[in-house]
2 protein chains.
Amino acid sequence: MSISYNRIALIGLGLIAGSMAHALRRAGFEGEITGYARSAETREIAREINLVDRVCESASEAAQDADLVVLCVPVGVMGAVAKEIAPVLKPGATVSDVGSVKQAVIDSVAPHIPEGVHFVPTHPMAGTEHSGPRAGFAELFDNRWCLIVPAPGSDPQAIDKIDELWRALGSTTEVMEIAHHDLLCAIVSHVPHLIAYTMVGVADDFSRVSEQEVIKFSAAGFRDFTRIAASDPTMWRDVFLENKEATLEILGRFTEELFALQRAIRTGDGEQLFDYFTHTRAIRRGIIEAGQDTDAPDFGRGKS
Amino acid sequence: MSISYNRIALIGLGLIAGSMAHALRRAGFEGEITGYARSAETREIAREINLVDRVCESASEAAQDADLVVLCVPVGVMGAVAKEIAPVLKPGATVSDVGSVKQAVIDSVAPHIPEGVHFVPTHPMAGTEHSGPRAGFAELFDNRWCLIVPAPGSDPQAIDKIDELWRALGSTTEVMEIAHHDLLCAIVSHVPHLIAYTMVGVADDFSRVSEQEVIKFSAAGFRDFTRIAASDPTMWRDVFLENKEATLEILGRFTEELFALQRAIRTGDGEQLFDYFTHTRAIRRGIIEAGQDTDAPDFGRGKS
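Residues numbered from 1 in each chain as written. Chains lettered and ligands numbered in written order. Predicted model: local features only at pLDDT ≥ 70, side-chain atom pairs only at ≥ 80, totals over all residues. Heavy atoms only, no water.

1. Considering the overall build of chain A
When helices and strands are counted, chain A shows twelve helices and nine strands. The C-alpha atoms of chain A give 21 Å as radius of gyration, which agrees with the globular expectation for 304 residues (19 Å, within 12%). Looking at chain A as a whole, 62% of its 304 residues are labelled buried. Within chain A, counting contacts between residues at least 6 apart in sequence, those at least 24 apart form 73% of the total. Element-wise, carbon and sulfur atoms account for 48% of the exposed surface of chain A, whose accessible area totals about 11,000 Å². (Helix = DSSP H or I, 4+ residues; strand = E, 2+ residues; numbered from the N terminus. Rg over C-alpha atoms; globule rule 2.2 N^0.38 Å. Buried < 20%, exposed > 50% of the residue type's maximum accessible area, 1.4 Å probe, protein only. Contact = heavy atoms within 4.5 Å. Areas by Shrake-Rupley, 256 points an atom, 1.4 Å probe, with all protein chains shown as cover.)

Have a look at this one:
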């Protein structure tokens, strides 16, 4: 797994870009890493901690002469950034992004990509509840999926190169079709996040039970929701706005199922509840067997 | 913290009773622990692994001469078990239970408690996704809450004794009023579990995305739901049926909030989404500051 770029520009210096910089160095990348963030404070911190080799004062400055430009900004501003850097992109360079939504990013970014420049969207499925330039760490992508989601007409060789990059950063990669990516992510990530956000909001807003109490007794199941619901608000706002169709479709199915279970509770239909819960338990076994989680008996306990 | 019972009977030999037996021994309890489970297979396993000192062939046999009888059965059958053992309960003995719902348990158990026998309901807020006689371990209750929820007229001295027992088993205890307990648990535990069950069911039932794919990419948020949704089906069926009122109330608030967020997504109201997500993030900080979870940056990763 070799990294076949000489200069890599990271636009946006948050958790993902920062982790990419750390992982690039861990992988022995010897080229230059440039970086830019819209916030002066973020750029200042990035310089202070030597996050990249050169922190630039504009996205164009960072993208100039880069072989690979990775857009690590919220999905909603990808298009504007692409438009801004387009004039400086060098022929044969590759533009990529790390957004959690792909159709919307392709729609907004692709029109700005100049002739002779490649565009290969990706989605590293990794994150923490932390954000900002100090949040990154080299191990973030280790053994995590990075989905490569080619735009229409993406160059096969450019796809291979970015695939190799992500494997060098620690990821397992898979090429996926755009619409399927957005639907799959709505199911395994976007709607679960929205539901977690909602439940945490409900708990906080309930006047007969204090926030202190909710926090105190959170280990009983609620804590897993707060962990999910602590992710970056800007990123998630954009995800829901930009993956609207799939999110609303899955939400529709979710409320349909929830109402069916609610009705079973109201009417006292224990058999329906039991059958449903037995079935979902089997899915959990599948996840453990697939090596995506461990079987250790400490649910709700020492998670770090 | 001393244990002031000489003989303790555990009715039901699943995760909680098993963990109590292990924790009693760890605490140096020198009296006899008797046990009973309805399933012959469970009794057989319990004997094989020496889970308790004496596995009995009936609940009454186990409860005979016990100073403390703890009902560790699903909430829906607590009343029937209490009725069965009532004739053998000795004067001055205490009956307790470990159910996740308290009003319904008190309604079904209290009428069977003989004059001169104490009844002090409790709720150890600890569990794993595993169940059965082999699932227990001595550390399950360490630093976890055990709520003591006295029935009307519970004897103050009997309350103190059971409070001491739970602290000896590793728990932190708090006395709580019945209705408040049931509402709090609906918020921090019951509704989160129902939502997790629902989301896992939706994911499994979605024909355009395979179960294998959902499992493969589960680390993106979904996995936390499957962990919650893998708990014992019988226990949870009973929890929802027996804490119907509070569950339906919180569910109503949840769907109201969810619809508001869904509408914001549909209408493209990014400000509403951003404000909501910013607020929930603050709640997460509160949980970390309260020492109920760690701040380690590995969300969705190496949880064991």
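Additional details are given in the paragraphs that follow.
2. Thoughts on the packing of aromatic side chains
With the rule as written, the count across this model stands at 13 aromatic pairs over all chains. Between Phe225 of chain A and Phe225 of chain B, the ring centres sit 5.1 Å apart and the planes meet at 50°, which makes this aromatic pair tilted. Placement of the pair is Phe225 of chain A in helix H9 (residues 222-228) and Phe225 of chain B in helix H9 (residues 222-228), with the two residues belonging to separate chains. Residue classification places Phe225 of chain A among the buried residues on the basis of a relative accessible area of 1%. On the numbers, 6.4 Å between centres and 70° between planes, the contact of Phe254 of chain A with Phe254 of chain B is edge-to-face. Remark: Phe254 of chain B occurs in helix H11 (residues 244-267) and Phe254 of chain A occurs in helix H11 (residues 244-267); the pair is interchain, linking two chains. Both residues of the pair, Phe254 of chain A and Phe254 of chain B, count as buried. Every member of this aromatic cluster is reached through a ring pair, and the members are Tyr197, Trp236 and Phe240 of chain A together with Phe277 of chain B. (Phe/Tyr/Trp six-rings, centres within 6.5 Å; stacked < 30°, edge-to-face > 60°.)

3. So, the domain arrangement of chain A
All names here are of chain A. Its domain assignment divides chain A into domain 1 (7-176) and domain 2 (180-289). Contact residues are listed per partner, giving 17 residues for domain 1 and 17 residues for domain 2. Summed over both partners, the interface of domain 1 with domain 2 comes to about 1,300 Å²; 67% of that surface belongs to carbon and sulfur atoms. Where domain 1 packs against domain 2, one counts zero salt bridges. At the junction of domain 1 with domain 2, the criterion picks out five residue pairs in polar contact (both at pLDDT 80 or more). (Domains from an automatic or database assignment. Buried area = accessible area lost by both parts, 1.4 Å probe. Salt bridge = Lys/Arg side-chain N within 4 Å of Asp/Glu carboxyl O. Polar contact = N/O pair within 3.5 Å; in protein donor to acceptor, adjacent residues only side chain to side chain.)

4. Considering the sheet that holds strand S5 (residues 94-97) of chain B
Residues and elements named next belong to chain B. Taken in spatial order, the six strands line up as S3-S2-S1-S4-S5-S6 in an open sheet, and their pairing is parallel. Each edge of the open sheet carries a strand with a single partner, namely strand S3 (54-55) and strand S6 (118-119). Here four bridges tie strand S4 (residues 68-71) to S5, and the two strands are oriented parallel to one another. The residue bridging Leu71 from the neighbouring strand is Asp97, located in S5. Here helix H1 (residues 15-26) sits on the sheet and contacts strand S1 (7-11), strand S2 (32-36) and S4; the angle it forms with S1, its principal contact strand, is near 160°. Here helix H6 (residues 156-168) sits on the sheet and contacts S1, S4, S5 and S6; the angle it forms with S5, its principal contact strand, is near 50°. (Pairing = 2+ DSSP bridges. Axes fitted to C-alpha atoms, helices over the stretch in contact; angles between N-to-C directions.)

5. Brief notes about the interface of chain B and chain A
The interface is formed by 114 residues belonging to chain B together with 113 residues belonging to chain A. In total, about 10,900 Å² of surface goes out of reach between chain B and chain A, with carbon and sulfur atoms giving 67% of it. The interface formed by chain B and chain A includes two salt bridges. In this structure, Lys216 of chain A engages Glu174 of chain B in a salt bridge whose closest nitrogen and oxygen atoms are separated by 2.6 Å. Put simply, chain B and chain A have 18 residue pairs in polar contact (both at pLDDT 80 or more) between them. Sort the elements by how many residues they give to the side of chain B that touches chain A and helix H7 (residues 178-204) of chain B lands first, with 20 residues. Of the residues that constitute the side of chain B that touches chain A, the class distribution is 57 nonpolar, 27 polar and 30 charged. (Nonpolar A, V, L, I, M, F, W, Y, C, P; charged D, E, K, R; others polar.)

6. A few points about unusual backbone geometry
Residues and elements named next belong to chain A. We note that Asn50 has phi near 55°; this positive angle belongs to a residue other than glycine. Examined against the element boundaries, Asn50 turns out to sit in the loop between helix H2 (40-48) and strand S3 (54-55). Using a relative accessible area of 53% as the deciding quantity, one classes Asn50 as exposed. A positive phi angle, close to 65°, is found at Asp65, a residue other than glycine. Residue placement: Asp65 occurs in the loop between helix H3 (59-63) and strand S4 (68-71).

7. Observations regarding the relation of the copies chain B and chain A
Rotating chain B by 180° about the axis while translating it 0.0 Å along that axis superimposes it on chain A, leaving an RMSD of 0.0 Å. In the structure described here, the two chain copies are related by an operation that fits a two-fold rotation axis. (Least-squares fit on C-alpha atoms with pLDDT ≥ 70 in both.)

8. A look at the nonpolar core
Within the largest apolar cluster, 149 residues are counted, with the highest numbers of intra-cluster contacts made by Val69, Leu71 and Met199 of chain A together with Val69 and Leu71 of chain B. Tyr5, Leu13, Ala21 and Phe29 of chain A belong to the second largest nonpolar core, which has 38 residues in total. (Core = buried A, V, L, I, M, F, W, Y, C linked by side-chain atoms within 4.5 Å.)

9. Some words on the environment of Leu147 of chain B
Along the chain, the position of Leu147 of chain B falls in strand S8 (residues 145-148). The exposure class of Leu147 of chain B is buried, given its relative accessible area of 0%. For the pair formed by Leu147 of chain B and Glu174 of chain B, sequence separation is 27 residues and the distance between their alpha carbons is 5.0 Å. The residues touching Leu147 of chain B, leaving out its near neighbours within four places in the chain, are Phe217 of chain A together with Pro121, Thr122, His123, Met125, Glu174, Met176 and His181 of chain B.

10. A short note on the packing of helix H10 (residues 233-242) of chain A against helix H12 (residues 270-289) of chain B
Here H10 of chain A crosses H12 of chain B at 140°, and the two axes come no closer than 9 Å. As judged from the angle between their axes, H10 of chain A and H12 of chain B are oblique. In this structure, H10 of chain A crosses over H12 of chain B, and the sense of that crossing is right-handed. Contact residues: Pro233, Thr234, Trp236, Arg237, Phe240 and Leu241 of chain A in H10 of chain A; Gly270, Leu273, Phe274, Phe277, Thr278 and Arg281 of chain B in H12 of chain B. (Parallel < 35°, antiparallel > 145°, perpendicular 65-115°, else oblique. Left-handed = near helix turned anticlockwise from the far one by under 90°.)

11. Notes on the sheet that holds S3 of chain A
Strand pairing in a sheet relies on backbone hydrogen bonds, with the paired strands running either antiparallel or parallel. All names here are of chain A. Taken in spatial order, the six strands make up an open sheet running S3-S2-S1-S4-S5-S6, and their pairing is parallel. Two strands close off the open sheet at either side, each with one partner strand: S3 and strand S6 (118-119). Where strand S2 (residues 32-36) lies against S3, two bridges are found, and the strand directions are parallel. The partner of Thr34 across the bridge, within S3, is Arg54.

12. What to know about the packing of H11 of chain B against H12 of chain B
Residue and element names in this part refer to chain B. Remark: H11 packs on H12, axes separated minimally by 8 Å, with the N-to-C direction vectors making an angle of 135°. The orientation of H11 relative to H12 falls into the category oblique. Classified by chirality, the crossing of H12 by H11 is left-handed. Residues Glu257, Ala260, Leu261, Ala264 and Ile265 of H11 form the contact with H12, whose own contacting residues are Gln272, Leu273 and Tyr276. The residue makeup of the contact of H11 with H12, split by class, is six nonpolar, one polar and one charged.

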